[in-house]
Amino acid sequence: MLLAYPFRVLVPRRAAPEAATSLAVALLLLAGAADLAPTPVVIALAAGAGATLAGLRLSRLATRRDTDPTPRAAGVLLDAAVVAAGLTAVVLPLADLGHTLAVLLGSVVVAALSVAGLCRLPGRTRPAAGRRLRWLVESTGPAVGLALAGWLLLPHDGRSAPVRLVAALTLGVLGMAALNALAGPRRRSGEALCRGGVLLTLGGLVLLATLPPAPGGRVALLAVPPLVFGMLLMAVGAADAADDPEPAEPVAAAWPRSVLPAAVLLLASGLHLGAGRVPDRTSVLLALAAVPPLVLRELLRAGDTSPSARRAAHRRATGSAVRHRRAAPARWLGTPEPPPATPERGSPGGREGAATGIGVGSTWSPDDNPGWSAFGRRPGVGSGTPGDRAALLDALAAIGDVPVPTGALLLVDLHGTDGLGPTAREDVLAEAVHRARAVIAPDDLVTGCTGTGFAVVTAAGPVLAYALGTRLLGALGPPYRLAGAMLRVQTSIGLAEVSGAGPADVLRQAELARRRAVQLGRDRVEWYDAFLEEQLVRRLDLERELPGAVARGELDLVYQPVVDLADGQPVGAEALLRWRSPVLGTVLPAELLPVAEDLDLVGELEWWVLDRACRQLSDWSVGVRELWMAVNVTTRELTTPDFVQRLAAVLAAYGVPPERLVVEVSEPRVAGDLPTVVARLAGLRSLGVRTALDDFRAEHASLAQLRRLPIDLLKVGPELVGARPDGQPPLIDVVVNVGERLGVEIVAEELESSTQVEGARRGGCRYGQGFALARPATAERVEAYFEEFPSASR
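The numbers attached to residues start from 1 for each chain and follow its sequence in the written order. Since the coordinates come from a predicted model, pLDDT governs what is reported: local features require at least 70, and pairs of side-chain atoms require 80 or more to be given and counted, while whole-chain, interface and lining totals use all residues. Just so you know, side-chain values use all the structure's heavy atoms and leave hydrogens and water out.

A. Region of interest: the overall build of the protein chain. What counts as a helix is a DSSP run of H or I of at least four residues, what counts as a strand is a run of E of at least two, and both are numbered from the N terminus. A count of helices and strands for the protein chain gives 30 helices and 18 strands. The cut-offs for exposure are 20% and 50% of the maximum accessible area for each residue type, with area from a 1.4 Å probe on protein chains only; residues under the lower value are buried, those over the upper are exposed, and the others partly exposed. Across the 794 residues in the protein chain, those meeting the buried criterion constitute 50%. Contacts are residue-level and defined by heavy atoms, with any inter-residue pair within 4.5 Å sufficient. Restricting to contacts in the protein chain with at least 6 residues of sequence separation, those with at least 24 account for 74%.

So, in structure tokens, the structure goes:
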């Protein structure tokens with residue numbers, strides 16, 4: 001067991017077969033390259049090994065015990081595709097059809113089965129049409145570059161020029177598509193991994209059909225790596241997508257898609273010229289063909305500051321747009337108030353729609369009504385006078401009309417004046433404008449735009465405009481004297497560049513940036529970029545879809561094992577919430593919970609998690625008797641008066657011993673109501689439930705607070721395990737010593753490397769949790785993981 005533990009840390013148990021197969025394939029390739037084994041034999045053995053392992057993995061997916069048949073159907077189709085790929089590489093070249101034709105026919109079958117399987121894979125989302133077109137334009141140039149590299153590298157003997165050209169173009173398209181899958185926005189999702197594996201497999205088959213198949217033709221060995229590793233990626237990605245499909249990454253890894261094609265082309269050109277060959281006509285034509293897509297890509301990037309097309313794409317993709325409606329005080333506007341916001345889906349009882357004034361399903365334009373503004377946040381706050389607004393738009397238009405436009409719009413919003421009357425609120429705003437004029441340039445324009453804010457138009461460039469925003473924060477921060485009292489306010493500033501975009505677009509961009517400043521905690525300046533708009537649309541979609549998710553059966557739990565670092569044995573698992581939205585894909589708690597808090601849905605979600613976790617714990621009691629289950633709760637729900645009684649009722653309903661449940665609460669949030677948190681945790685321990693403090697930071701205040709909290713487990717992150725920059729010992733030593741004095745066991749979480757695991761074990765942590773030990777998975781997969789440890793407590 002002690003000898004097996006280091007190997008289990010370095011190579012996770014579930015990945016050991018893939019690692020062994022990869023090593024065997026590498027040895028076969030070395031043998032083939034050294035003429036120790038015939039090339040056809042190496043290809044057959046390597047492809048057979050990869051197809052066998054991938055087929056076994058996918059057959060498990062095809063026969064898993066899920067109620068949802070979709071993953072099983074995907075497993076069946078992808079399993080058939082892998083088998084077809086293996087047979088194509090091993091058997092079909094021996095048929096009477098001829099090597100090339102046999103491999104091409106097999107490739108068609110593999111492509112058809114793979115596409116059908118990918119369409120049924122969980123977690124698959126379809127981007128908006130505009131984004132797909134944008135990606136096509138951005139990928140065409142690198143794809144042509146890869147095709148040119150293929151044309152230069154493919155052997156000239158044995159294949160005609162048209163065949164080589166078709167093969168090179170196909171390899172260029174498949175290669176760039178694989179890069180988009182493995183380095184795109186969803187690069188960490190199982191679906192993207194599986195799709196990349198399919199494309200690599202097809203690329204390997206194309207190479208196999210194109211390269212000379214003669215026994216002495218070692219160049220055909222180049223088809224083995226993409227073929228074998230593509231099949232393995234198909235299996236691994238399909239299993240990950242079925243277990244826990246990850247949501248889209250917010251930003252794609254752009255450098256592989258730009259750097260790798262250029263590096264491959266540079267290498268191919270060097271080898272081609274080094275062999276004494278000169279560029280032929282096809283090479284020149286392919287090089288010229290890459291220029292128009294690159295020019296079009298740069299034009300699209302240059303046009304990013306005018307987001308009209310982007311908004312249209314968002315509306316087509318989401319079926320919604322944002323309408324900002326604000327009621328205006330008569331003496332600011334001189335016009336009737338706009339109609340009240342209509343409650344929308346996603347606003348329980350109309351509360352959210354009325355509270356925020358954000359509707360879904362219609363469009364807004366700054367020219368629709370002078371009294372409807374893109375500014376402000378709360379009802380009762382209106383736009384500035386029509387004259388102010390006209391002056392603002394005129395100033396933006398004047399800056400945008402110059403040959404090389406430069407300048408910026410800053411939208412300033414003051415928070416903390418909601419409880420004031422109209423007169424007092426305007427007094428605060430007047431004082432704020434007076435302070436602003438003291439820090440801006442004489443030529444800058446200050447104009448009113450809402451009852452709680454104003455706008456600044458400056459001709460300064462973006463960097464100087466950001467510095468101006470920082471100065472505005474400093475000037476507006478000190479308290480305001482109001483009727484003998486001092487009023488403190490917070491400030492949010494949104495900044496948008498004026499670089500050729502229309503005034504309405506600049507105004508909208510600045511408002512999006514201001515909203516982002518509010519979301520990130522206020523008292524900050526936020527700069528507009530296109531990603532802000534994506535985040536806003538995403539947020540609105542979340543707010544629309546989350547209400548009713550429990551009733552629609554869209555919530556799910558996955559479980560991440562917790563292991564004893566001394567011997568690697570599992571001791572428990574943590575229940576992790578996943579929202580499997582048919583519209584938004586899988587949403588993780590980090591994105592889900594802030595929206596749930598704003599919609600007052602946290603309690604509903606957390607009690608669903610507690611109920612489902614206890615039910616699963618009851619099911620595991622048949623064979624796994626002493627493993628515990630950890631569940632996260634917020635301090636808001638923990639401090640409700642009846643939390644302990646309700647939890648006791650759930651445990652009794654499923655017959656779960658209280659000591660097998662661990663209730664976790666986040667350390668940064670307990671200070672807000674520490675006495676009540678202490679009382680509830682003590683109540684849980686008196687019930688027999690174990691308690692844990694999550695996200696511990698090891699600061700002085702946290703260590704002092706730790707002595708007051710009745711907890712059994714303390715969870716720390718990997719940042720406490722590693723060495724500190726100043727050369728001091730890791731902070732985990734201090735935490736472990738405090739834990740030993742208090743009788744608290746330490747759990748090191750988020751361990752993602754063998755180095756972190758070893759550091760946590762060496763530092764004295766009792767338990768460990770993280771991807772380096774075991775990934776989150778469905779209940780069935782975790783139960784199978786537990787069964788791999790015969791000495792685990794049962």
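Back to the write-up after that little detour.
B. Structural detail: the side chain of Arg 544. Tracing the sequence through the fold places Arg 544 in helix 20 (residues 530-545). The term polar contact refers here to a pair of N or O atoms within 3.5 Å; inside protein, the definition further demands a hydrogen-donor-capable atom paired with an acceptor-capable atom, and it admits residues adjacent in sequence only when both atoms are side-chain atoms. A polar contact of 2.7 Å, which involves the side chain of Arg 544, links it to the side chain of Asp 541. In terms of polar contacts, Arg 544 uses its side chain to reach the side chain of Glu 545, at 3.1 Å.

C. The environment of Asp 695, seen in detail. With respect to the helices and strands, Asp 695 occurs in strand 15 (residues 690-696). Residue Asp 695 is classed as partly exposed on the basis of its relative accessible area of 34%. Look past the residues within four positions of Asp 695 in its chain and what remains in contact with it is Ser 666, Glu 667, Pro 668, Lys 715 and Glu 749. One polar contact links Asp 695 to Ser 666, side chain to side chain, over a distance of 3.0 Å.

D. The arrangement of the nonpolar core in detail. Counting 80 residues, the largest nonpolar core has Leu 647 and Leu 714 as the members making the most contacts within it. Broken down by element, this core gets its largest block of residues, ten residues, from helix 22 (residues 602-620). Among all residues touching Leu 714, those that are not within four sequence positions of it are Leu 693, Phe 696, Leu 706, Val 735, Val 744, Glu 745, Ile 746 and Val 747. Core analysis: the next-biggest nonpolar cluster, separate from the first, contains 57 residues, Val 42, Leu 53, Trp 151 and Leu 207 among them. Residues belong to one nonpolar core when they are buried, are Ala, Val, Leu, Ile, Met, Phe, Trp, Tyr or Cys, and are joined through side-chain atoms within 4.5 Å.

E. Just helix 20, in detail. Compared with the 22 Å implied by 1.5 Å per residue over 16 residues, the 23 Å span of helix 20 between its first and last C-alpha is a close match. Listing the buried residues of helix 20 in full gives Leu 532, Glu 533, Leu 536, Val 537, Arg 539, Leu 540, Asp 541, Leu 542, Glu 543, Arg 544 and Glu 545. The length a helix should cover is 1.5 Å for every residue beyond the first.

F. Highlighting the layout of surface pockets. Buriedness of a pocket was judged along seven lines, with at least five required to meet protein on both sides within 12 Å; pockets are open sets of points on a 1 Å grid over the protein atoms alone, cavities are sets where a 1.4 Å probe fits but cannot get out, and lining residues have an atom within 4 Å of a point. Grid points are joined across faces, edges and corners, and a volume is the space filled by probe spheres set on the points. Empty space within the second largest pocket amounts to approximately 760 Å³. If you go around the second largest pocket, you meet 32 residues; those closest to its centre are Gly 150, Leu 153, Leu 171, Leu 207 and Val 264. Looking at the lining of the second largest pocket, the elements with two or more residues in it are helix 6 (129-153), helix 7 (161-183), helix 8 (190-210) and helix 10 (254-274). By residue number, the principal contributor to the lining of the second largest pocket is helix 7, which donates seven residues.

G. Here's a closer look at the packing of helix 24 (residues 643-654) against helix 26 (residues 674-687). With their axes 10 Å apart at the nearest point, helix 24 and helix 26 run at an angle of 30° to one another. Judged by the angle between their axes, helix 24 and helix 26 are roughly parallel. When the axes of helix 24 and helix 26 are compared, the crossing they make is right-handed. Counted together, Phe 643, Val 644, Leu 647, Ala 648 and Leu 651 of helix 24 and Arg 680, Gly 683, Leu 684 and Leu 687 of helix 26 form the full contact between these two elements. As a working rule, the residues Ala, Val, Leu, Ile, Met, Phe, Trp, Tyr, Cys and Pro are called nonpolar, Asp, Glu, Lys and Arg charged, and the rest polar, with Gly in that last group. When the residues that make up the contact of helix 24 with helix 26 are grouped by side-chain class, the tally is seven nonpolar, one polar and one charged. Angles run from 0 to 180 degrees between N-to-C directions of axes, and those axes are lines fitted to C-alpha atoms, restricted for helices to the stretch in contact. Any angle between 65 and 115 degrees counts as roughly perpendicular, while under 35 counts as roughly parallel, over 145 as roughly antiparallel, and the rest as oblique. Take the far helix as the reference: if the near one is turned anticlockwise from it by less than a right angle, the crossing is left-handed, and if turned clockwise, right-handed.

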